[in-house]
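Observations on the three-dimensional arrangement
Below, each chain spelled out in residue letters.
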Amino acid sequence: MITLSWAILWTPFLTAVFIFFFLLSRPRAAGRLATCGMLAAFLCALALLWDYLSLKEARPVLESSILWIPFAPSPVEFGVLIDGLTILMLLIVTGIGSLIFLYSMSYMERDESCGRYFACLSLFAFSMLGIVLSNNFIQTFIFWELVGLSSYLLIGFWFEKREAATAGKKAFLTTRVGDVGMMIGILSLFGYLASRGIGTFNFLLIEERLQTISIPSPLLYAVCLGLFLGIAGKSAQAPLHVWLPDAMEGPTPVSALIHAATMVAAGVFLLARLFFLFAQSPAALLVIAWTGGITAVLAGTVAVVQNDIKKILAYSTLSQLGYMVLALGLGNPYAGMFHLTTHAFFKALLFLSAGSLIHALHTQNIWNMRTQKGLLRSMPITSVTFFIGTLALMGIPPTSGYFSKESILAAASHGSPVLFILALANVFFTSFYMGRLCTLVFFQKSHSARQNHLHTARESGWKMTIPLIILAGFSIGGGFLPLHPFLGARGHSEPHSNTLALISIALAGLGFLFAFLRYQKKSHEHETLDSWMTPRFILEKKYFFDDVYDAFIHFVQENIARVSDLFERRVVVEGGMNGSARLTRRLSRLVRTLQTGVVQFYALFFAAGVTVIIYVLILSGKS
Amino acid sequence: MIPIGHVLIVSGILFSIGLAGLLIRRNILLILLSIELMMNAANLLLIAGSALHGEADGQITAFFVMVIAAVEVTVGLAVAVLLFRTRQTVDTYDIKWLKG
Amino acid sequence: MNFSLLLPEWIALGTLLILIFREILNGPKSRNSSGIAILLTGTALLLLSLFFLRNSPGSAFGGTFVLDSFAVFFKIFFSLAAFVVLVSSRFFFRPLGGEKTAEFFLILWCALLGMLFLVSANDFLILFIALEIMTLSFYILTAYQKGNLASIEAGVKYLILGSLASAFIIYGIGLLYVVAGSTHFDSIQAAFAAQPGHKLLLLSALLILSGLCFKVAAVPFQLWAPDVYEGAPVPVVAFLSVGSKAAGFALLIRLIFTVFTPFDHERKILFPVLAAMTIIYGNLGAVVQKNIKRLLGFSSIAHTGYLLIGLAAARDSGLAALLYYLLTYALANLAIFFVLSLTANELKSDQIDAFRGLAERSPFLAASLFIALLSLAGVPPLAGFVGKFLILSAAIRDHLMWLALIGILAIPISLYYYLGVIRSMYLEEPVHTASITVPGSAKLILGLLITGILLAGFFQSPVFRIVENALQHF
């Protein structure tokens, strides 16, 4: 079993390296190799599942590691940890990953640099699997950074486009801020454990030792917040969420894989993995829950005024991630992970079918996507699967989204009432913006002559539709997956409450209905922004997060930068660097004079050296 | 039996003479001679030690050292001849093309 | 009498005799390739025998020859280094043909033979003889290129200074004998234990150590190194920098930590100072160099400085770090000199300028040189970084903060001159743009060396285990 997990981890790495060295000039071959690699990993994950299920213990946990750096303060290992949570994530990452790789083969086929694309994508898969399989903090951090790097490479894939390059930078920098917090958290925890004589980075060992010693609450609070900062960065929680919408500059399959199903889920996954730590700090959990709740509503409301289909889905992702984080903050990792799983299915589905639409219609603006005959007829598979995804997102039974959202709402109902109301409100917003999207794209027929000149949309090829169908299937049936054996140790499913179910379904239905009624006949959004500070304005400015950050950078940071630049140029470079370089040169020339080339000088130096040594050690030191 | 202290002093003097010779003389052949002298000073020690402790080890070692010294001088001579053939000099002050 | 312990030496001796007889019988008609074949077979057999002997320690010849894990480690080290050097010298001497070079291989093999005996020596006589076999072979090898004035000059200097060092060593041995009555390590160790404060014993120890420090190019005995490295033929410099240095350190370790153990206090005074001065001298001297071999000479002095830190620090961590560093240093140096042998005939010059634009002419060679140089500079995640890290940690652990600081400050300086070469290779236009073809066998060996550098950087545990195994007895 352990070998299987190593195979899963290293296969994408090997394909990435192979493509990088040999196949950059043969994009189609690269695509085929990468997809086969992911499929192989998926099959290994299935085999792993089979093996795992056939083990006799109740909830087995397996670990295996190699000593990597033997002489650091605490020996650093490189290992795998296999339990239910791991296997679940492995299946998600490799399974959805394979589908997206397959989809990419068709989506990116006209792009000549897609060899690099598949190399980066495989590298990403490797990094993500590394996080999933890791059994200690250091390894997780290393792969965490690698995921950030791969994400940067993929977001900025079309780096010739300025917005893409900027978006990549933004993503990297924002998550970096989070990573600092994470590092501080990790090191503080290690430092404390080391001061008690049990310094280790290994998850299982820490969990075990926490049962015997207890960490003082302020420290634990700080550690958890630090770790959560990193998680917030990766999973795009407020206020570190600003990078995710911009990340839509990357190719759509990238958005599907990274920004819907896997990378952003890494934070939630880590939260679940480390839940034993967070569980001991109710204060931290409170912060986490509120962050999740606020992010959910914030994103949900901004999504209402977006015109780009991918941005809508991006904000939707932010919102759903908020739900997951909320669930974990409320002490129910089961609900959070359940929603992660179902969200992976239907969000990937939504992104991929959106991609299918974009691919066929050559536009991302929802106001320009209607066709004369109606998309339902010209692109049936895409349309139907998109609907299914929408239904799952809104939480309509019997889709998987319904079950997972239910469990989160149930958990919220036991917590703070404000959070509960926020969660419910978001159900409304979710359906509203999705309703708006569907109405404008699918339920309108275009009448203007301009839009008739668009290419008549055709359904996409099998490489794109098969993944859609498979994902749609899981979106519907995923709610019935037996996830208990995998997540059972971490929480429970709340008892089913019929009232709650009815309320949420009603809210969802209302949201969709309102949107449909409002946008059914509209052909363009109100352009005028004459009244300042209207709700619409605030939403369009995304609650001014970006503006505040920008202002901070311009007024504060740039002035600091100017002073630092002066200091750097004068003192550091001129005095320090060049000065030390000059000094070194002078000393070097001094040394050179010793190498006179005359052998007797060398011999003299030799003899003198021996004499000095003998004098110092024997004659003056009395030994 | 000569007191060991005397032997030590004599061999020390020999060694120093050899060392001085190496440092002062400019002719490579004389440098090789000086090296011989130094090694023979060591031989003196070995033989004296052998007499002091009543063991043959020192004398055997001295033989080996003599052989090795001879080989060294041979190689040295060969290189000196090589040098002379190329540059017509065996003065160590002249061979400073490699420096800095 | 456990003759089987000397199996590697028998094999080496046998190969040597075969070579000599081949020379006598065939004379100038002997072909280069068969000579190489004999030697490579010999090396392979050597390694095989070492593989079989690795777990059977023992002593022979009345305890004057000892085979322990430490010795086996170094013998394998020397054999592998010799293997690489042999192959590289094949490429270096290719234009010269067979007659001029048959003796080269023979004498190189002699040097190896000396090294093999050296690490097993348990008696000062054996030590001296083996040391001289090795050193004399190197004198000859250094002056091998008879037409090249630099080679002759290097040979003269090395010989004079080396003989001086040998004279010091044998004088020290003589003193030891007078005081202790035996040249056997064990007896001398007993003598030291019996009279710990004896001035003469300390004097003799210092004389011997001085001679050995000459071999490894430590300050104040290092002035020969740049000249010799510049003048000697490339394969010789390779073997010198790797094999001779390692042999020197092996001896230093053995002597300091088994025979001269009572002088721990002196060790802790002497070696940190020497290490610091050596690091400073080596790094500063390299900065203004324009000749790549001379630069490597100074760099070699600098690395000796780092290795000396291993001798200065506490026993356990210092020695392990030293051996690890030695391994990484050997890998990188062998790779660099391998590239130099391949390009020597094409570039016809040892100046760094000659390497301009190497990246265009042969990307493989440029890349190998790049990785090897960065490893020497101590850039993570390459092997050299791990070595430096271990050495500096050992220093810090033993509270030699000032020494560690010097070691760290020297790193950017070394980066400067290593990157100078890299910059030449990658950022400047070549004078002649003809591409340099690299034979397949060369690519294979060079590839293995570079892979070794990368692996030893990532997977430190296996290497660390090997090193600890070698140091069992200390």
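The structure contained in this document is the topic of the report that follows. (Residues numbered from 1 in each chain as written. Chains lettered and ligands numbered in written order. Predicted model: local features only at pLDDT ≥ 70, side-chain atom pairs only at ≥ 80, totals over all residues. Heavy atoms only, no water.)

Next up on the list: the interface of chain B and chain A. At the junction of the two partners, chain B supplies 14 residues and chain A supplies 11 residues. At the boundary of chain B and chain A, one finds zero salt bridges. Where chain B packs against chain A, one counts three residue pairs in polar contact (both at pLDDT 80 or more). Looking at the side of chain B that touches chain A, the element that brings in the most residues is helix α1 (residues 4-24) of chain B, giving four residues. In terms of residue class, the side of chain B that touches chain A is made up of eight nonpolar, two polar and four charged. (Contact = heavy atoms within 4.5 Å. Salt bridge = Lys/Arg side-chain N within 4 Å of Asp/Glu carboxyl O. Polar contact = N/O pair within 3.5 Å; in protein donor to acceptor, adjacent residues only side chain to side chain. Helix = DSSP H or I, 4+ residues; strand = E, 2+ residues; numbered from the N terminus. Nonpolar A, V, L, I, M, F, W, Y, C, P; charged D, E, K, R; others polar.)

This part takes up the side chain of Ser 375 of chain C. Summarising the element assignment, Ser 375 of chain C is placed in helix α15 (residues 363-377). Among residues more than four places away in sequence, those in contact with Ser 375 of chain C are Ala 332, Leu 382, Ala 383, Gly 384, Phe 385 and Ile 453 of chain C.

For the rest of this paragraph, the subject is a nonpolar patch on the surface. Residue and element names in this part refer to chain C. On the surface, a cluster of nonpolar side chains totalling about 910 Å² of accessible area is made up of Phe 3, Leu 7, Trp 10, Leu 13, Leu 17, Phe 21, Ile 24, Leu 25 and Phe 61. Its place among the elements puts Leu 17 in helix α1 (residues 7-26). The class for Leu 17 is partly exposed, based on a relative accessible area of 43%. (Patch = residues over 30% accessible without salt bridge, like charges linked within 9 Å, V, L, I, M, F, W, Y side chains within 5 Å. Areas by Shrake-Rupley, 256 points an atom, 1.4 Å probe, with all protein chains shown as cover. Buried < 20%, exposed > 50% of the residue type's maximum accessible area, 1.4 Å probe, protein only.)

Counting residues in hydrophobic clusters, the biggest one holds 247 residues, and the most contacted among them are Phe 74, Phe 124, Phe 138, Trp 224, Phe 239, Phe 260 and Leu 311 of chain C. Among the elements that take part in this core, helix α13 (residues 315-347) of chain C stands out by supplying 21 residues, more than any other. Sequence-distant contacts of Phe 260 of chain C, defined by excluding residues within four places in its chain, comprise Phe 124, Leu 176, Phe 192, Ala 205, Ile 208, Leu 209 and Leu 255 of chain C. In terms of nonpolar packing, the next biggest core, distinct from the first, is built from 187 residues, Leu 102, Leu 154, Leu 357 and Leu 419 of chain A among them. (Core = buried A, V, L, I, M, F, W, Y, C linked by side-chain atoms within 4.5 Å.)

Here we take up the interface of chain C and chain B. Across the contact, 41 residues belong to chain C and 44 residues belong to chain B. When the two sides are added together, the surface that chain C and chain B hide from each other amounts to roughly 3,600 Å², 80% of it contributed by carbon and sulfur. In terms of surface lost to chain B, no three residues of chain C exceed Tyr 171, Tyr 177 and Val 178 of chain C, which account for 19% of the buried area on that side. There are zero salt bridges connecting chain C and chain B. Put simply, chain C and chain B have 10 residue pairs in polar contact (both at pLDDT 80 or more) between them. Elements with a minimum of two residues in the side of chain C that touches chain B: α5 (124-142), α6 (149-180), α9 (224-231) and α12 (292-312) of chain C. Broken down by element, the side of chain C that touches chain B gets its largest block of residues, 23 residues, from α6 of chain C. (Buried area = accessible area lost by both parts, 1.4 Å probe.)

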